[in-house]
Amino acid sequence: MIASLIKTMRPKQWVKNILIFAALIFDRKLTNLPAFLHSLAGFVIFSLFASVVYIINDITDIEADQQHPQKCYRPIAAGKISIQAAAVSAIILLIIATISAFWLSPTFAIINICYLILNISYSKWLKHILLVDIITLASFYVLRVVAGVALIQIERFSPWLYIVMTFLALFIGAGKRRTELFLLSDKANTHRRTLEGYTLHFLDEIITSTASITIISYSLYTFFAPNLPENNLMMLSIPFVVYSIYRYQFLVQAKNVGDAPEDVLLSDKPIQMAIIIYGLAVLTIFYIY
């Protein structure tokens, strides 16, 4: 029971919540211990809210998940945990997360609640609307960045990063839909009605355009953001961003993976290496030079 509940909470997907630390890093507060601890606590609390969302989604999507070649093994869909037990667990987690969030920051708590409400709306209605589903998926990533901003006193966090994150999230969302459409083939509409309106070619167009805009907007950020070092060294990080995006696009379009973006991040070594080198470059530029 406990093992099934933990699996339903999907701790592996908490890796996406690392975006909460974006404000801390890019506002040059990583060495500020109170700000770091605040962000770390926010990461844990946001992860609890995310787990509540995952449990609710699995309850709502139980019939569709049972038709999915991979999601049918999820504990609720496979009958390893009852709907009643999952619902009670979600309520308990929500109470703990909400109280903790308000204790940490009322603004942060409101953002988390908005994230929860938007996710529920997505599960019930928005995921069935063509294009709106991808845009909503993208908003979840942006909200993680906004949540991180709410946790610390921002001084120099650039609005350019919101633009970069928005189009990067659209890129990931379109890749997720493309992989689902490919894997489910003729059964796509039985799992998610909106998939019936998509084609692989159309999703490939979205993936290509959002990848391009992400690269362009990030490049502009490295030149024009007001909070960057005056030596313009941030432009040296552009190749790592370009490689990571194109590598992910290759995996989605050539290898047909991307249904679970966190799995790609945790399993693909070239992307991992590019991200590590990128992170070291940013830390060096922001905190040493």
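Residues numbered from 1 in each chain as written. Predicted model: local features only at pLDDT ≥ 70, side-chain atom pairs only at ≥ 80, totals over all residues. Heavy atoms only, no water.

Draft legend 1. Fine view of the overall build of the protein. Helix and strand counts for the protein come out as 13 helices and zero strands. On C-alpha atoms alone, the protein measures out to a radius of gyration of 19 Å, which is about the 19 Å that the 2.2 N^0.38 rule sets for 289 residues. Dimensions along the principal axes, computed over C-alpha positions, put the protein at roughly 55 × 45 × 30 Å. Within the protein, the fraction of its 289 residues that count as buried is 51%. (Helix = DSSP H or I, 4+ residues; strand = E, 2+ residues; numbered from the N terminus. Rg over C-alpha atoms; globule rule 2.2 N^0.38 Å. Buried < 20%, exposed > 50% of the residue type's maximum accessible area, 1.4 Å probe, protein only.)

Draft legend 2. Molecular detail of the packing of aromatic side chains. Per the counting criterion, the structure on display carries 13 aromatic pairs. Seen from their ring centres, tyrosine 198 and phenylalanine 202 are 6.2 Å apart, and the 20° between their planes marks the pair as stacked. Residue phenylalanine 202 is classed as partly exposed on the basis of its relative accessible area of 32%. Taken together through their ring pairs, the aromatic side chains of Phe26, Tyr218, Tyr221, Tyr278, Phe286 and Tyr287 make up a single cluster. Directly above the ring of phenylalanine 286 sits arginine 28, whose terminal nitrogen or CZ lies 5.2 Å from the centroid. (Phe/Tyr/Trp six-rings, centres within 6.5 Å; stacked < 30°, edge-to-face > 60°. Lys NZ or Arg CZ within 6 Å of the ring centre and 35° of its normal.)

Draft legend 3. Inspection of the packing of helix 11 (residues 238-253) against helix 13 (residues 269-287) at higher detail. In the contact formed by helix 11 and helix 13, the axes pass within 9 Å of each other and the chain directions differ by 160°. In terms of their interaxial angle, helix 11 and helix 13 are classed as roughly antiparallel. Relative to helix 13, the crossing made by helix 11 is left-handed. Facing Phe240, Val241, Tyr243, Ser244, Arg247, Tyr248 and Leu251 of helix 11, the residues of helix 13 in contact are Pro270, Ile271, Ala274, Ile275, Ile277 and Tyr278. (Axes fitted to C-alpha atoms, helices over the stretch in contact; angles between N-to-C directions. Parallel < 35°, antiparallel > 145°, perpendicular 65-115°, else oblique. Left-handed = near helix turned anticlockwise from the far one by under 90°. Contact = heavy atoms within 4.5 Å.)

Draft legend 4. Local environment of the layout of surface pockets. Empty space within the largest pocket amounts to approximately 1400 Å³. Taken together, 39 residues line the largest pocket, and the ones lying closest to its centre are Leu19, Leu168, Leu265, Ile275 and Tyr278. Of all elements in the fold, only helix 2 (22-26), helix 7 (132-151), helix 8 (160-184), helix 10 (200-224), helix 11, helix 12 (261-267) and helix 13 reach the threshold of two or more residues within the lining of the largest pocket. Per-element accounting of the lining of the largest pocket gives the leading share, nine residues, to helix 13. Looking at side-chain class alone, the lining of the largest pocket contains 33 nonpolar, four polar and two charged residues. Lining the second largest pocket are 43 residues, and of these Arg10, Gln13, Arg74, Ala260 and Glu262 sit closest to its centre. Sorting the residues of the lining of the second largest pocket by element identifies helix 1 (2-9), helix 3 (33-60), helix 6 (106-124), helix 7, helix 8 and helix 12 as the ones contributing at least two each. When residues in the lining of the second largest pocket are grouped by element, the largest group, six residues, is from helix 8. Here the residues of the lining of the second largest pocket sort into 16 nonpolar, 10 polar and 17 charged. (1 Å grid on protein atoms, 1.4 Å probe; cavity = no way out; pocket = protein on both sides within 12 Å on 5 of 7 lines; lining within 4 Å. Points joined across faces, edges and corners; volume = space filled by probe spheres on them. Nonpolar A, V, L, I, M, F, W, Y, C, P; charged D, E, K, R; others polar.)

Draft legend 5. Focus on helix 6. Its 19 residues place the ends of helix 6 27 Å apart at the C-alpha level, agreeing with the 27 Å of an ideal helix rising 1.5 Å per residue. When we look at burial in helix 6, the residues that qualify are Phe108, Ala109, Ile111, Asn112, Tyr115, Leu116, Asn119, Ser121, Tyr122 and Ser123. Next to the buried residues of helix 6 lie helix 3, helix 5 (83-104), helix 7 and helix 8. (Expected span 1.5 Å × (residues − 1).)

Draft legend 6. Focus on the packing of helix 8 against helix 10. Relative orientation of the contacting elements helix 8 and helix 10 amounts to 160°, with a least axis distance of 8 Å. In this view, helix 8 runs roughly antiparallel relative to helix 10, as classed from their interaxial angle. In the packing of helix 8 onto helix 10, the handedness of the crossing is left-handed. A class-by-class count of the residues in the contact of helix 8 with helix 10 yields 21 nonpolar, four polar and three charged.

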